[in-house]
Amino acid sequence: MYSSKVIDHFNNPRNGGEMADADVVGEAGSFKCGDTMKIFLKIEQERIVDVKFQTFGCAAAIASSSMLTEMVKGKKIGQARRITNEQVAEELGGLPPLKMHCSNLAADALQDALDKYSDGPARKQGRAK
Ligand code: FES
């Protein structure tokens, strides 16, 4: 059973959509189910000033993506790097054990974006690792 926060974020996702002028795009996919997530970040002076996501996945993956965008907006890159999938699940009021892996999509896509941002311009446009 999903928490009321999961249901809310699934029904009313925050920050959904594409960002044409993103500074970096992160991607993640689940081998378990084939679901995927893209995260778009706008970064100014080492701070995430805007974020959007596109997730093709289950309710838990969409809710995790939405929650993650709320957690990272306004954060410094160093703070965002410390966000884990467990924290995303916690903020959602927990996820059923079988759905815990769904929160990995969001945290992994974020870390992919931050890795690409740190690596420099050649990898910032969402190329695969
Ligand atoms: Fe694929 Fe949830 S079942 S991310």
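Structure: above.
Residues numbered from 1 in each chain as written. Predicted model: local features only at pLDDT ≥ 70, side-chain atom pairs only at ≥ 80, totals over all residues. Heavy atoms only, no water.

Enquirer: Sorry, what's going on with the pairing of strand 3 (residues 47-56) here?
Expert: Regular strands place side chains that alternate from one sheet face to the opposite one. Two elements, strand 2 (residues 36-44) and strand 3, share nine bridges in a ladder whose sense is antiparallel. Bridging from a neighbouring strand, Ile 39 pairs with Phe 53 of strand 3. Here strand 2 hands over to strand 3 after two residues, with Gln 45 in that stretch at a positive phi of 45°. (Pairing = 2+ DSSP bridges. Helix = DSSP H or I, 4+ residues; strand = E, 2+ residues; numbered from the N terminus.)

Enquirer: Is there a simple way to explain the nonpolar core in this structure?
Expert: The tendency in soluble globular proteins is for nonpolar side chains to be buried as a group. Residues Met 37, Ile 39, Leu 41, Ile 48, Leu 68, Val 72 and Leu 110 are the most contacted members of the largest nonpolar core, which totals 33 residues. Those elements that provide at least two residues to this core are strand 1 (24-29), strand 2, strand 3, helix 2 (59-72), helix 3 (77-81), helix 4 (85-91) and helix 5 (102-119). In terms of residue count, helix 5 provides more of this core than any other element does, eight residues in total. (Core = buried A, V, L, I, M, F, W, Y, C linked by side-chain atoms within 4.5 Å. Buried < 20%, exposed > 50% of the residue type's maximum accessible area, 1.4 Å probe, protein only.)

Enquirer: Any chance you could explain the pattern of salt bridges here in plain terms?
Expert: Taken as a whole, this structure holds eight salt bridges when the rule is applied. Here Glu 70 makes a salt bridge to Arg 14, at a shortest N to O gap of 3.8 Å. One end of the pair, Glu 70, is in helix 2; the other, Arg 14, is in the loop between helix 1 (4-11) and strand 1, with 56 residues separating them in the sequence. The partner of Asp 23 in a salt bridge is Lys 42, and the shortest N-O contact between them spans 3.6 Å. (Salt bridge = Lys/Arg side-chain N within 4 Å of Asp/Glu carboxyl O.)

Enquirer: Even after reading the chapter, I still don't get unusual backbone geometry, so can you show me in this structure?
Expert: Where the residue is not glycine, phi is negative for most of them; where a peptide bond is considered, it is trans in most cases. Positive phi, normally seen in glycine, also occurs at Asn 15, with a value near 60°. The topology assignment puts Asn 15 in the loop between helix 1 and strand 1. Taking the relative accessible area as the measure of exposure, Asn 15 reaches 19% and is therefore buried. Here the phi dihedral of Glu 46 falls at roughly 65°; this positive angle occurs in a residue that is not glycine. Looking at where Glu 46 falls in the secondary structure, it is placed in the loop between strand 2 and strand 3. Accessibility expressed as a relative area gives 43% for Glu 46, which makes it partly exposed.

Enquirer: Could you clarify how one ought to interpret the sheet that holds strand 3 in this entry?
Expert: Strands belonging to one sheet form pairs held by backbone hydrogen bonds; the direction of such a pair is parallel or antiparallel. Taken in spatial order, the three strands line up as 1-2-3 in an open sheet, and their pairing is antiparallel. The two strands at the open ends of the sheet, each matched to only one other strand, are strand 1 and strand 3. Ignoring strand direction, the axes of neighbouring strands in this sheet form an average angle of 20°. Pairing between strand 1 and strand 2: six bridges, direction antiparallel. Within strand 2, the residue paired with Gly 26 across the bridge is Ile 39. (Axes fitted to C-alpha atoms, helices over the stretch in contact; angles between N-to-C directions.)

Enquirer: Before we go on, may I ask you to explain the side chain of Gln 111 in this structure?
Expert: Residue position: Gln 111 is located in helix 5. For Gln 111, a relative accessible area of 19% gives the class buried. Not counting residues up to four positions away in its chain, the partners in contact with Gln 111 are Ala 80, Arg 81 and Ile 83. (Contact = heavy atoms within 4.5 Å.)

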